[in-house]
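Topology and contacts: notes
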Amino acid sequence: MPVQFLFRKNNGLKAVKEVPRMKQNKYDETSFFENYSRMPRSTGGLESAGEWGTFRTLLPDLQGQRILDLGCGFGWHCRYAREQGAVSVVGIDLSANMLERARAMTRDPKIEYLQLAIEDAAFGADEFDTVISSLAIHYVEDIASLCRQVYYCLKPGGAFVFSVEHPIFTALAAQDWHYGLEGGKQHWPVDNYHLEGPRQANFLDHAVTKYHRNTATYINTLIGSGFTLTRISELQPTAAMLENNAAWQEETRRPMFLLLSAVKN
């Protein structure tokens with residue numbers, strides 16, 4: 001929500017204007033960025049991101065497409081889109097650190113990186129064929145406004161594919177298991193599920209604001225913006241995932257990711 005600034009005039013208080021909240025930019029904090037840079041998905045790319053195998057299946061054929069990546073980070077998805085034949089890619093991110101790393105890793109004039117908050121993305125009508133976003137939209141407060149802008153900048157029939165932390169995962173700010181007396185993970189607690197709004201979570205040893213919204217809100221906001229939902233995934237680990245990484249076993253107990261694919265009507 002915007003903040004109202006007041007000033008005193010003629011012995012009374014009067015609202016001057018409403019100013020949007022400052023956008024969160026943790027990735028330009030040195031220690032946070034250093035911790036993020038050591039994560040497997042940061043060093044190993046898309047194949048090291050557990051949700052990538054499913055996310056990839058939600059994407060349309062990218063050959064000849066114009067792509068927008070919201071919250072592009074190190075640019076992994078931007079470079080993948082070009083490898084798949086996209087004619088142009090625009091990646092936006094608020095973090096100068098992220099974009100500096102993305103540009104250093106990219107040698108492609110058809111990929112453009114812009115320092116811009118997701119909330120401030122304002123592109124032309126029908127400018128893109130596909131809009132993607134990976135694990136960034138749960139940092140955005142006003143998803144309805146974002147979906148309307150994505151709808152506007154997509155061509156008719158264009159795809160909007162994104163992943164977020166699952167609402168079961170974001171409902172409680174602690175984002176952690178309930179542990180038994182001997183330290184075992186007994187269950188994943190869920191509370192205040194329908195109380196949507198900001199959560200002060202701990203991520204990479206830093207306080208981070210995430211916005212919790214329930215699954216229905218994600219789906220209904222897409223539909224209300226004019227999209228048709230084409231696929232939803234809660235990323236149930238496959239046998240191959242469990243065989244390759246034993247840590248995925250706990251992901252069978254509760255979903256960590258929600259992935260959605262929709263098209264502009």
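Structural notes, computed from the coordinates. (Residues numbered from 1 in each chain as written. Predicted model: local features only at pLDDT ≥ 70, side-chain atom pairs only at ≥ 80, totals over all residues. Heavy atoms only, no water.)

Comments concerning unusual backbone geometry
Condition: Starting at the N terminus, helices and strands are each numbered in turn, a helix being any DSSP run of H or I of at least four residues and a strand any DSSP run of E of at least two. Working definition: with a 1.4 Å probe on protein chains only, accessible area under 20% of the residue-type maximum means buried, over 50% means exposed, and in between means partly exposed.
If you check the backbone angles, Leu 135 has positive phi at about 50 degrees while not being a glycine. Position of Leu 135 relative to the elements: it lies in the loop between β6 (128-134) and α6 (143-153). Residue classification places Leu 135 among the buried positions, given a relative accessible area of 18%. With a phi close to 65 degrees, Asp 205 is a non-glycine residue in the positive phi region. For Asp 205, the location among the structural elements is in the loop between β10 (197-203) and β11 (206-212). Overall, the relative accessible area of 68% leaves Asp 205 in the exposed class.

What about the environment of His 206?
We apply this condition: Whether two residues are in contact is decided by their heavy atoms, any of which lying within 4.5 Å being enough.
Mapped onto the elements of the fold, His 206 is located in strand β11. Sequence spacing of His 206 and Lys 26 is 180 residues, and the spatial spacing of their C-alpha atoms is 8.6 Å. Every residue in contact with His 206, bar those within four places of it in the chain, is listed here: Lys 26, Glu 29, Ser 31, Phe 32, Asn 35 and Ala 201.

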